[in-house]
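Structure at a glance
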Amino acid sequence: MTSTLDTLNTAFGIPNTLHFTEVKPGFVVAEITTPLASASVALHGAHVLSWQPAGQQPVIWVSKAAFFEPGKPVRGGVPVCWPWFGAVPGKTLHGFVRTMIWQVRGAELDATGQLVLRLGLTDDATTRAVWDHAFDLELAVTVGSTLALALTTRNTGDAPLSITQALHSYFCTADITQTTVQGLDGTPYLDKVQNFAVCQQSGDVTFSGETDRIYTDTTSDSLIQDGAGRRSIRIAKQGSASTVVWNPWVEKEKTMADMAPGEHRQFLCVETCNAGSDAVTIAPAMTHTLAATISLV
Ligand code: TA6
């Protein structure tokens with residue numbers, strides 16, 4: 001692994017700004033530090049593990065019990081769910097790219113001092129065995145006083161491609177019972193807790209039990225109001241007409257080996273998606289970009 005790290009650091013490292021390190025055997029992470037923010041991104045899944053703007057508390061949450069192991073998803077951060085979101089009979093939940101090793105394609109500081117890291121993945125025999133399509137996938141992670149994520153799918157095959165997907169973002173909150181999500185008032189949703197019953201949001205989203213909802217027909221920003229933490233997190237999005245809000249609460253948390261007791265109080269997921277009927281069809285040689293811009297307001 002030392003030679004892989006040396007190669008990565010030689011090709012893409014930026015002194016005092018970007019360094020690749022192996023945090024566990026086979027688990028390589030890009031550690032980013034700039035005057036604007038710090039962040040870390042694993043090559044495993046192109047998984048954003050942290051983002052902390054200068055002078056602020058961490059914004060992205062990761063479980064204390066998370067696995068950092070080849071082949072296993074990480075509990076927290078921003079899992080990339082692709083080319084399907086949720087369950088597909090006979091297949092792994094949320095697609096297969098969140099446990100694959102992505103390639104580093106580029107890393108540079110832009111004119112405003114943001115670090116832009118690009119990671120990519122293309123089809124091969126392994127992906128063809130589970131999903132028989134040609135593709136090129138790239139995640140651009142822009143680390144600054146905002147965190148911008150842009151996931152671009154290119155159809156490199158000769159037939160239309162249909163996908164669902166998510167930037168399954170986990171956000172820190174000081175106390176879930178004092179947390180709300182604004183921006184979804186009046187929006188219809190499928191309630192997974194009620195066997196996908198069709199419901200409609202009235203007012204802000206509040207949390208008092210397991211919450212697992214696909215909000216449909218929404219391109220709106222979401223605003224997390226962290227009452228106890230006295231801060232707000234805005235999630236603006238593009239290329240997405242669905243938003244998922246998730247918290248497992250007490251009982252479901254107990255069933256998850258990679259979540260520590262009581263941790264459901266410390267996070268919520270607000271996910272930028274193409275989920276449910278918001279599937280995207282991409283013609284040959286065309287692209288689709290799913291993007292989220294996260295900021296403290
Ligand atoms: O996005 C919400 C959800 O689909 C939930 O149903 C929940 O199970 C969660 O994702 C986590 O999935 P995971 O496969 O990471 O355990």
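Look a little higher up for the structure.
Our subject in this report is the structure included herewith. (Residues numbered from 1 in each chain as written. Predicted model: local features only at pLDDT ≥ 70, side-chain atom pairs only at ≥ 80, totals over all residues. Heavy atoms only, no water.)

So, on to the sheet that holds strand β4 (residues 47-53). Adjacent strands of a sheet pair through backbone hydrogen bonds, lying either parallel or antiparallel. Spatial ordering of the open sheet is given by β1-β2-β3-β4, a layout of four strands whose pairing is antiparallel. The sheet terminates laterally at β1 (18-24) and β4, the two strands that pair on one side only. Going across the sheet, the axis of each strand differs from the next one's by a mean of 20°, ignoring polarity. (Pairing = 2+ DSSP bridges. Helix = DSSP H or I, 4+ residues; strand = E, 2+ residues; numbered from the N terminus. Axes fitted to C-alpha atoms, helices over the stretch in contact; angles between N-to-C directions.)

All chains considered together, the criterion is met by 13 aromatic pairs. Between the aromatic rings of Phe27 and Phe68, the centroid separation amounts to 5.4 Å while the plane-to-plane angle is 85°, which identifies the pairing as edge-to-face. Note that Phe27 is positioned in strand β2 (residues 27-33) and Phe68 in the loop between β4 and β5 (80-81), a separation of 41 residues in sequence. Judged by centre distance (6.4 Å) and plane angle (55°), the ring pair of Phe96 and Trp131 falls under tilted. Remark: Trp131 occurs in the loop between α2 (125-130) and β8 (135-143) and Phe96 occurs in the loop between β5 and β6 (103-109); sequence separation between them is 35 residues. We note that Phe96, like Trp131, is buried. Here a set of aromatic residues connected by ring pairs shows up, and it is made of Trp82, Trp84, Phe96, Trp131 and Phe135. The residue whose ring lies beneath Lys72 is Phe67, and the NZ or CZ to ring-centre distance is 4.5 Å. (Phe/Tyr/Trp six-rings, centres within 6.5 Å; stacked < 30°, edge-to-face > 60°. Buried < 20%, exposed > 50% of the residue type's maximum accessible area, 1.4 Å probe, protein only. Lys NZ or Arg CZ within 6 Å of the ring centre and 35° of its normal.)

What follows is about the nonpolar core. Counting residues in hydrophobic clusters, the biggest one holds 64 residues, and the most contacted among them are Phe20, Trp82, Trp102 and Phe171. Per-element accounting of this core gives the leading share, five residues, to β8. The contacts of Trp82, once residues within four sequence positions are left out, are His94, Gly95, Phe96, Val97, Trp131, Phe135, Leu137, Leu151, Thr153, Ile163, Thr164 and Gln165. Ranked by size, the runner-up nonpolar core spans eight residues in total, among them Trp61, Tyr170, Cys172 and Phe267. (Core = buried A, V, L, I, M, F, W, Y, C linked by side-chain atoms within 4.5 Å. Contact = heavy atoms within 4.5 Å.)

Here we come to the site of the ligand. The local shell around the ligand consists of Arg75, Phe85, Leu93, His94, Arg98, His168, Lys192, Asp212, Val244, Trp246, Lys252 and Glu271. In the model, an oxygen atom of the ligand is placed 3.0 Å from a nitrogen or oxygen of the His168 side chain. Protein chains shield 90% of the accessible area of the ligand, which is 400 Å² for the free molecule. (Near = heavy atom within 4 Å. Polar contact = N/O pair within 3.5 Å; in protein donor to acceptor, adjacent residues only side chain to side chain. Areas by Shrake-Rupley, 256 points an atom, 1.4 Å probe, with all protein chains shown as cover.)

Charged atoms that come close allow side chains of opposite charge to pair. Scanning all chains against the criterion turns up 11 salt bridges. The shortest N-O distance in the salt bridge between Arg105 and Glu138 comes to 2.8 Å. Of this pair, Arg105 sits in strand β6 while Glu138 sits in strand β8, and the two are 33 residues apart along the sequence. By relative accessible area, which is 28% here, Arg105 ends up partly exposed. Taking the relative accessible area as the measure of exposure, Glu138 reaches 19% and is therefore buried. With its nearest N and O atoms 3.4 Å apart, the salt bridge here joins Arg265 to Asp175. Of this pair, Arg265 sits in the loop between α3 (249-254) and β21 (267-274) while Asp175 is found in the loop between β12 (170-172) and β13 (179-182), placing the two residues 90 residues apart along the sequence. Residue classification places Arg265 among the partly exposed positions, given a relative accessible area of 40%. (Salt bridge = Lys/Arg side-chain N within 4 Å of Asp/Glu carboxyl O.)

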